[in-house]
Amino acid sequence: MPSLKDVYVNCDVLENIPKPNRDNWLKEIDLLRLMLPKNARVLQVGSMDGARAIRLLEVRPDLKITGLEIEASLVELAKQKIAIAGLCVNFIHGDITNPPALPHFDYVICLNNTLGYIPEQDKSIAKMKELGKVIIISVYGEEFDNGLAQEYFKSINLKINCIKNDSFIMEDFTAIKRYSKKEVESWGGKIIKTPVGYFSIIPN
Ligand SMILES: C[S@@+](CC[C@H](N)C(=O)[O-])C[C@H]1O[C@@H](n2cnc3c(N)ncnc32)[C@H](O)[C@@H]1O
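Undergrad: Which residues make up the sheet that holds strand 2 (residues 64-69), and what values do they have?
TA: Sheet strands pair via backbone hydrogen bonds, and the direction of the pair is either parallel or antiparallel. What the seven strands build is an open sheet, ordered 3-2-1-4-5-10-9; its pairing is mixed. Either end of the sheet is taken by a strand with one partner, and the two such strands are strand 3 (90-93) and strand 9 (190-194). Pairs of neighbouring strands in the sheet enclose a mean axial angle of 20°, with direction left out of account. Sheet topology note: the strand 2/strand 3 ladder contains four bridges and is parallel. Bridge assignment links T66 to a residue of strand 3, and that residue is N90. Sitting on the sheet, helix 2 (residues 19-35) is in contact with strand 4 (105-110), strand 5 (132-140), strand 9 and strand 10 (197-203), with an inclination near 25° to strand 10. Its contacts with the sheet place helix 3 (residues 51-59) against strand 1 (41-45), strand 2, strand 3 and strand 4, and it is angled at close to 170° to strand 2.

Undergrad: Quick one: what's the story with the site of the ligand, residue by residue and with numbers?
TA: Every one of the 19 residues lining the ligand counts as a neighbour, but G46, R52, E69, D95 and T114 are closest to it. A distance of 2.8 Å separates a nitrogen atom of the ligand from a polar atom in the side chain of D95. T114 places a side-chain nitrogen or oxygen 2.9 Å from a nitrogen atom of the ligand. The protein chains hide 97% of the 590 Å² of surface that the ligand would expose on its own. A class-by-class count of the residues in the shell around the ligand yields nine nonpolar, five polar and five charged.

Undergrad: Account for the environment of V75, with residues named and values stated.
TA: Among the structural elements, V75 can be located in helix 4 (residues 72-85). With 49 residues separating them in the primary sequence, V75 and S124 have C-alpha atoms 19 Å apart. Once residues lying within four places of it in the same chain are set aside, the contact partners of V75 are E69, F91, I92 and H93.

Undergrad: Quick rundown of helix 5 (residues 121-131)? Include the residues and the values.
TA: Counting along an α-helix, one turn takes 3.6 residues, and residues three or four places apart therefore face a common direction. For helix 5, the complete set of buried residues consists of Q121, S124, I125, M128 and L131. Looking straight down helix 5, one finds that the buried residues subtend no more than 125° of arc, so they occupy a single side. Turned more than 90 degrees away from the buried face of helix 5, the exposed residues are D122 and E130. The elements touched by buried residues of helix 5 are strand 1, strand 4, strand 5, strand 8 (175-177) and helix 7 (181-185).

Undergrad: Provide a residue-level description of the sheet that holds strand 7 (residues 167-170), including the pertinent values.
TA: Pairing within the open sheet is antiparallel, and its three strands lie in the order 6-7-8. Among the strands making up the open sheet, the edge pair consists of strand 6 (160-164) and strand 8. Neighbour-to-neighbour, the strand axes of the sheet open up by a mean angle of 20°, direction not taken into account. Sheet analysis places strand 7 next to strand 8, joined by three bridges and oriented antiparallel. Bridge pairing in strand 8 links S167 to K177.

Undergrad: Lay out the pattern of salt bridges in plain terms, naming residues and giving numbers.
TA: Tallied over the entire structure, the rule returns 13 salt bridges. The partner of K81 in a salt bridge is D49, and the shortest N-O contact between them spans 2.8 Å. Remark: D49 occurs in the loop between strand 1 and helix 3 and K81 occurs in helix 4; sequence separation between them is 32 residues. For K81, a relative accessible area of 32% corresponds to the partly exposed category. Taking the shortest distance from any N to any O, the salt bridge between R178 and D166 comes out at 2.7 Å. Taken as a pair, R178 in the loop between strand 8 and helix 7 and D166 in the loop between strand 6 and strand 7 lie far apart in primary sequence, 12 residues in all.

Undergrad: Can you break down helix 3 residue by residue, with the values?
TA: By the burial criterion, the buried members of helix 3 are A51, R52, A53, I54, L56 and L57. Residues of helix 3 that are buried sit in contact with helix 2, strand 1, strand 2, helix 4, strand 3 and strand 4.

Undergrad: Run through the side chain of R52, naming residues and quoting values.
TA: Residue position: R52 is located in helix 3. Look at R52 and you get buried, because its relative accessible area is 5%. A distance of 2.3 Å separates the side chain of R52 from the side chain of E28, its partner in a polar contact.

Each value, and the rule that gives it
- Residues numbered from 1 in each chain as written.
- Predicted model: local features only at pLDDT ≥ 70, side-chain atom pairs only at ≥ 80, totals over all residues.
- Heavy atoms only, no water.
- Pairing = 2+ DSSP bridges.
- Helix = DSSP H or I, 4+ residues; strand = E, 2+ residues; numbered from the N terminus.
- Axes fitted to C-alpha atoms, helices over the stretch in contact; angles between N-to-C directions.
- Contact = heavy atoms within 4.5 Å.
- Near = heavy atom within 4 Å.
- Polar contact = N/O pair within 3.5 Å; in protein donor to acceptor, adjacent residues only side chain to side chain.
- Areas by Shrake-Rupley, 256 points an atom, 1.4 Å probe, with all protein chains shown as cover.
- Nonpolar A, V, L, I, M, F, W, Y, C, P; charged D, E, K, R; others polar.
- Buried < 20%, exposed > 50% of the residue type's maximum accessible area, 1.4 Å probe, protein only.
- Arc of directions from axis to C-beta.
- Salt bridge = Lys/Arg side-chain N within 4 Å of Asp/Glu carboxyl O.

Right under this line is the structure:
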């Protein structure tokens, strides 16, 4: 079984993942670059090894970013990477469904289909709403079809055991979800189409 750390770090190796997923990754960063107000306080849910926070700070050094991540080993890795990059992010170990004490943020962002990896989706969204004025959830949708999913998961060292509707059940790993437009619409936000999904901006 691959370690969680090995799998998640692969999500951000842009040269290894299929082009649509790479384009999606870059589009999310570009949307955030353009829309986040100056000096915004941002909480990233599922901050992984810090790769996205680093990319975002490179284009928006004014942002005050906190990363919340459930895997302790990834929090440590993110702290090392941010120090090497000479940037500043507060990486915290914790679970969005039962978060540690945190201040209130201007934005809570949950990128790259991270929500699809968390079984307790409604609870996660409710907690994000408690923590921020505006919530941004970016997920994979219909364009992430079964063919692209096979290619993408292979590139991050995951094997699909079976696909049930919009759930990819992995061998030796968790189930990962993709979203229909209807489901994303039910969150009530403004939706921007991305190369493989939806970027939903939900005011609170
Ligand atoms: C697919 S990765 C997302 C990658 C990263 N968010 C990005 O934008 O590239 C999902 C990340 O969310 C983390 N995660 C999963 N469940 C979580 C939870 N309940 N609370 C906080 N982080 C969680 C995982 O450990 C992993 O690092």
